[in-house]
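# Structural overview
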4 protein chains.
Amino acid sequence: MIEAPALEVAQWFNTKQELALADLRGKVIALHAFQMLCPGCVQHGIPQMQRVHAQFERDDVAVIGLHTVFEHHAVMGPDALKVFIHENRLAFPIGVDQPDGDGNVPRTMRKYGMRGTPTLILIDRQGALRFQQIGQVDDLAVGALIGQLLAEGPR
Amino acid sequence: MIEAPALEVAQWFNTKQELALADLRGKVIALHAFQMLCPGCVQHGIPQMQRVHAQFERDDVAVIGLHTVFEHHAVMGPDALKVFIHENRLAFPIGVDQPDGDGNVPRTMRKYGMRGTPTLILIDRQGALRFQQIGQVDDLAVGALIGQLLAEGPR
Amino acid sequence: MIEAPALEVAQWFNTKQELALADLRGKVIALHAFQMLCPGCVQHGIPQMQRVHAQFERDDVAVIGLHTVFEHHAVMGPDALKVFIHENRLAFPIGVDQPDGDGNVPRTMRKYGMRGTPTLILIDRQGALRFQQIGQVDDLAVGALIGQLLAEGPR
Amino acid sequence: MIEAPALEVAQWFNTKQELALADLRGKVIALHAFQMLCPGCVQHGIPQMQRVHAQFERDDVAVIGLHTVFEHHAVMGPDALKVFIHENRLAFPIGVDQPDGDGNVPRTMRKYGMRGTPTLILIDRQGALRFQQIGQVDDLAVGALIGQLLAEGPR
């Protein structure tokens, strides 16, 4: 088992308390890494996460957005993200990946070895990293992956 | 466990040998009941089954079409269905539900208590009927259902 | 000016009286040649004609379907077409292209030199053939073509 | 004839020289007012303008984007817009509507009396304002409108 690395988040939206993967044991986690000005994220990934959020029970699947800004930092700051979330009526928790003092790639993105956005990450009920893929993944495949993790049952 | 009733099929397409559910133990079965002139089948159900057929391994998921003609029998006979299958390049096995001497509803459709088309039926690796729904089901939900049945593992 | 050849129709649906192009002078005519079991017709052409029918005033644009059966004649007869029209709730007039004793291609299809289905034909207010194309044509292009013919004004 | 008011633009992208409506006489102008963080603009309006830009000859139709920021000014400045244009590979000229010292609504937006974004404006070959509508307009309707203006011929 490869445990999913802890999130490093500078600021949270859509949640009253900070989220930690460790606190979500027992749920399948759909972690969606995106940038608000990345067309593939806006047109495919974000709407898909809204469908995942609507499809599954809150106690079964936790949807989390992670704003992994690795380019154009000046125009994708938290203030811009706040407007993006509001205008797109996103309801699931979204965290700002912690900027790294030592380069453009933020910390969580670096720890997971993500190569760009959108990246979909699935974490099982025990906290293990089970799926990570950049680009578009079809709804049928995302559903099948989540379904398989759900079927492993509560631990 | 409710065992899925056996198929009663008058004629098969896209398979050299007759299919029986009992012979498919160990696979998840996606059974799609349709009529070739039902718009909801043509626009939603059939393309979805093509995606399911493309998405999963043959040894994991068996996709079967069932032509459950319960209206307009004169123009949806096997000859017309053969053209429909050819023109739409459908590659998965399709059976013609056995007409019943005693009414419009064919036999398999009656045994399952289907109320119309399209109807999606999912059968688990042990042959149990696990899901039956008329109308459109989203790809995400279909994927999740199949994924859960797949995760129950080979028996 | 190339006058659009007269339609040769064996049977009409969705109209109380037989239609003749000559009787429609003053209107732009969108003539859609299709086969009920041609996937490109069902998925693209027919829905587009429904949009055209809904978009323009009846006094400006006449939408006419033409069932040009050139293959699989046995299963695309008028009885099957009647069911297709009913199930798809098509509201515009549809004629069955007159079968030709001397081959598979019906008469109107032959006169226009159509090479398959779907084929979109546009006829101006004076009865001149202005556009004929097989395959998919985008809504934007269809709209622009109709718009230009409409702007030529009543004659 | 209502002459389309002159554009007041603070900064241009995708054009070497400043554009003025008066310099475009003889062309039909499709003017698309948008905000880069308005979902209806990103999902519908902008892709439609890309299709319009691809469909028509440059000498016939001039597509112009106008960034009419009337809310969230701090995060939709020219630097952010530049990234948006780059990431979405927009190729048509885009101007930043001139901010007004006296309120949130920029000058061109105010002069046209626009009520929000996206707004589609069509201007004929003589410079007359012929169409202005907020919200989504179907491709078929946009095509028909442009086609009619094109058919009025060069002046």
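Under an unreviewed UniProt entry, chain A has the name Redoxin domain-containing protein and belongs to Pseudoduganella ginsengisoli.

### Quick notes on the arrangement of the chains
There is a gap between chain A and chain C: no contact, and a shortest C-alpha distance of 21 Å. A gap remains between chain B and chain D, with no contact made and the closest C-alpha atoms lying 21 Å from each other.

### Quick notes on the relation of the copies chain B and chain A
For the pair chain B and chain A, the best superposition has an RMSD of 0.0 Å and corresponds to a rotation of 180° with a translation of 0.0 Å parallel to the axis. Such values leave the two copies arranged in the relation of a two-fold axis. Comparing interface residues between copies, 100% of those in chain B also lie at the interface in chain A; the contact surface is shared.

### Details of helix α2 (residues 78–87) of chain A
For α2 of chain A, the full list of buried residues reads Ala80, Leu81, Val83, Phe84, Ile85 and Glu87 of chain A. Looking at the buried positions of α2 of chain A, the neighbouring elements they touch are β1 (9–13), β2 (28–34), α1 (39–55), β3 (61–67) and β4 (94–97) of chain A together with α1 (39–55) of chain D. Arginine 89 of chain A lies just past α2 of chain A and shows a positive phi near 50°.

### Topic: the side chain of aspartate 139 of chain C
Along the chain, aspartate 139 of chain C falls in helix α4 (residues 139–151). On the accessibility criterion, aspartate 139 of chain C (15% relative accessible area) is buried. At a separation of 2.8 Å, a polar atom in the side chain of aspartate 139 of chain C contacts the side chain of glutamine 48 of chain C. With near-sequence residues (within four places) excluded, aspartate 139 of chain C lies in contact with Gln48 and Arg51 of chain C together with Asp139 and Leu140 of chain D.

### Digging into the interface of chain B and chain A
Taken together, the contacts link 14 residues of chain B with 14 residues of chain A. Both sides of the chain B and chain A interface together cover about 1,100 Å² of buried area, and 77% of this is carbon and sulfur. By the criterion of area lost to chain A, the three top residues of chain B are Gln55, Leu140 and Gln148 of chain B, representing 45% of everything that side buries. Run the count over chain B and chain A and you get 0 salt bridges. Between chain B and chain A we count 2 residue pairs in polar contact (both at pLDDT 80 or more) in total.

### Examining the interface of chain A and chain D
Across the boundary between the two partners, chain A contributes 15 residues, which contact 15 residues of chain D. Here chain A meets chain D over a buried area of about 1,300 Å², counting both sides, of which 68% is carbon and sulfur. Area buried by chain A at its contact with chain D is led by Leu37, Val83 and Glu87 of chain A, which between them contribute 39% of it. The tally of links between chain A and chain D comes to 0 salt bridges. Our enumeration of links across chain A and chain D arrives at 2 residue pairs in polar contact (both at pLDDT 80 or more). At the level of elements, α1 and α2 of chain A are the ones that each hand at least two residues to the side of chain A that touches chain D. For the side of chain A that touches chain D, the element with the highest residue contribution is α2 of chain A, accounting for 6 residues. The residue makeup of the side of chain A that touches chain D, split by class, is 8 nonpolar, 4 polar and 3 charged.

### Here's the deal with the sheet that holds strand β6 (residues 129–134) of chain D
All names here are of chain D. On the basis of which strands lie adjacent, the open sheet formed by 6 strands has the order β1-β4-β3-β2-β5-β6 and mixed pairing. The open sheet terminates on both sides in strands that have one partner only, identified here as β1 (9–13) and β6. Direction aside, neighbouring strands of the sheet carry axes that sit 20° apart on average. Contacts from α1 reach β2 (28–34), β3 (61–67) and β5 (119–123) within the one sheet, and its direction differs from that of β2 by about 160°.

### So, the sheet that holds strand β2 (residues 28–34) of chain C
Residue and element names in this part refer to chain C. If you trace the 6 strands from one edge of the open sheet to the other, you get β1-β4-β3-β2-β5-β6, paired in mixed fashion. At either end of the open sheet lies a strand with only one pairing partner, and these are β1 (9–13) and β6 (129–134). Strand-to-strand twist in this sheet, taken as the mean axis angle between neighbours without regard to direction, amounts to 20°. In this sheet, β6 lies alongside strand β5 (residues 119–123) in antiparallel orientation, the contact comprising 5 bridges. Bridging from a neighbouring strand, isoleucine 123 pairs with leucine 129 of β6. On top of the sheet, helix α1 (residues 39–55) reaches β2, β3 (61–67) and β5; it is set at about 160° to β2, its chief contact. Against the sheet, helix α2 (residues 78–87) contacts β1, β2, β3 and β4 (94–97), and its axis sits at roughly 30° relative to β1.

### Overview of the state of the cysteines
Residues and elements named next belong to chain A. Counted by the stated rule, this structure contains 4 disulfides over all chains. Across the disulfide, cysteine 38 is cross-linked to cysteine 41 (sulfur-sulfur distance 2.4 Å). Judged by the sign of its S-S torsion, about 80°, the cystine formed by cysteine 38 and cysteine 41 is right-handed. When its relative accessible area of 0% is taken as the criterion, cysteine 41 is described as buried.

### Things to note about the pairing of β2 of chain D
All names here are of chain D. Along β2, 7 of the 7 residues are buried, which leaves the element largely enclosed by surrounding structure. On β2, burial covers both faces: Val28, Ala30, His32 and Phe34 on one face and Ile29, Leu31 and Ala33 on the other are all buried. Where β2 lies against β3, 7 bridges are found, and the strand directions are parallel. Its bridge partner being in β3, isoleucine 29 is matched across the sheet by alanine 62. Running through α1, the crossover from β2 to the neighbouring parallel element β3 is right-handed. Bridge analysis of β2 against β5 gives 5 bridges, and the strand direction is antiparallel.

Rules used throughout
- Residues numbered from 1 in each chain as written.
- Chains lettered and ligands numbered in written order.
- Predicted model: local features only at pLDDT ≥ 70, side-chain atom pairs only at ≥ 80, totals over all residues.
- Heavy atoms only, no water.
- Contact = heavy atoms within 4.5 Å.
- Least-squares fit on C-alpha atoms with pLDDT ≥ 70 in both.
- Buried < 20%, exposed > 50% of the residue type's maximum accessible area, 1.4 Å probe, protein only.
- Helix = DSSP H or I, 4+ residues; strand = E, 2+ residues; numbered from the N terminus.
- Polar contact = N/O pair within 3.5 Å; in protein donor to acceptor, adjacent residues only side chain to side chain.
- Buried area = accessible area lost by both parts, 1.4 Å probe.
- Salt bridge = Lys/Arg side-chain N within 4 Å of Asp/Glu carboxyl O.
- Nonpolar A, V, L, I, M, F, W, Y, C, P; charged D, E, K, R; others polar.
- Pairing = 2+ DSSP bridges.
- Axes fitted to C-alpha atoms, helices over the stretch in contact; angles between N-to-C directions.
- Disulfide = S-S within 2.5 Å.
- Right-handed = clockwise from strand over helix to strand, strands pointing away.

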